Amino acid sequence: LTESAIDQFQDNTNEMFWFTSNLDHSLISRTKEVSDNVIPSSNSEMANVLFLLGEYFDEPKYTETASLMLSKISLDMPKWGSAYSNWASLMMNYTSPFKQTVITGKDAEAERKKISSHYLPNILLAGSVNNNSELPILSNRFVANKTFIYVCENKTCKLPVETSGEALKLLSHF
């Protein structure tokens, strides 16, 4: 779906995304949404999605595109802060430590729920209850009959812990 969106909506001259597909009939005017309003703009939402997918799938193309998109509007953000709130959320992922938290094992879902009950900006949660995943973020993390939580930043992880309480302490002091 992401690749289709890139192929059909992205303007290769500036990395932003058109509001309509290049498969649609020609329009008098083809627009790009960049200002957030009551609803986030399509471009700010796409940039946030690309950033998270890039982290989740270890796909630099996505995170680089999100960064380029953010750079296109970053000079306007201080002038019109409320019109760029979703962009500011993305900027926080680049300017503050972004953490990856991986939970694997038999109690992964229960531990994820405990961690998710806290407000944790700048975090990606990923996990698995078995060893069947081929995702890079889950590679070599599963240990049979154990539940491990890995708290990482920039793909560098602390030693794994076994409870959400221990992980929350790591997340607050990383």
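Conventions used here
- Residues numbered from 1 in each chain as written.
- Predicted model: local features only at pLDDT ≥ 70, side-chain atom pairs only at ≥ 80, totals over all residues.
- Heavy atoms only, no water.
- Helix = DSSP H or I, 4+ residues; strand = E, 2+ residues; numbered from the N terminus.
- Contact = heavy atoms within 4.5 Å.
- Axes fitted to C-alpha atoms, helices over the stretch in contact; angles between N-to-C directions.
- Parallel < 35°, antiparallel > 145°, perpendicular 65-115°, else oblique.
- Left-handed = near helix turned anticlockwise from the far one by under 90°.
- Nonpolar A, V, L, I, M, F, W, Y, C, P; charged D, E, K, R; others polar.
- Pairing = 2+ DSSP bridges.
- Buried < 20%, exposed > 50% of the residue type's maximum accessible area, 1.4 Å probe, protein only.

Run through the side chain of T20, naming residues and quoting values.
Secondary-structure assignment places T20 in the loop between α1 (2-9) and α2 (42-57). Sequence-distant contacts of T20, that is, excluding residues within four places in its chain, are made with Q8, F9, L27 and R30.

Break down the packing of α1 against α2 for me, citing the residues and quoting the values.
Orientation of α1 relative to α2, taken along the N-to-C sense of each, is 140°, at an axis distance of 12 Å. Relative to α2, the element α1 is oriented oblique. As for how α1 packs across α2, the hand of that crossing is left-handed. Residue-level inspection shows T2, A5 and I6 of α1 in contact with α2, the latter providing M46, L50 and L53. Class assignment for the residues of the contact of α1 with α2 results in five nonpolar, one polar and no charged.

Explain the sheet that holds strand β1 (residues 99-105) to me, and be specific about the residues and the numbers.
With mixed pairing, the four strands of this open sheet are ordered in space as β2-β1-β3-β4. The open sheet has two edge strands with one neighbour each: β2 (123-128) and β4 (156-157). Alignment of strand β3 (residues 147-153) against β4, held across two bridges, turns out to be antiparallel. Residue pairing across strands places C152 opposite C157, the latter belonging to β4. Against the sheet, helix α5 (residues 108-116) touches β1, β2 and β3, its axis set at about 150° to β1. Strand contacts of helix α6 (residues 164-173): β1, β2 and β3, with the helix running at about 5° to β3, the strand carrying the most contacts.

Give me the lowdown on unusual backbone geometry, citing residues and values where you can.
Positive phi values are uncommon outside glycine, yet E15 reaches one of about 75°. Residue placement: E15 occurs in the loop between α1 and α2. Residue classification places E15 among the partly exposed positions, given a relative accessible area of 21%. Unlike most non-glycine residues, D58 shows phi in positive territory, near 55°. Mapped onto the secondary structure, D58 falls in the loop between α2 and α3 (60-73). Judged by relative accessible area, which is 39%, D58 ranks as partly exposed.

Could you give an account of the environment of Y84, naming the residues involved and the relevant values?
Within the secondary structure, Y84 is located in the loop between α3 and α4 (85-95). Sequence separation between Y84 and F98 is 14 residues, and the spatial gap between their C-alpha atoms is 20 Å. Look past the residues within four positions of Y84 in its chain and what remains in contact with it is V34, S35, D36, I73, D76 and M77.

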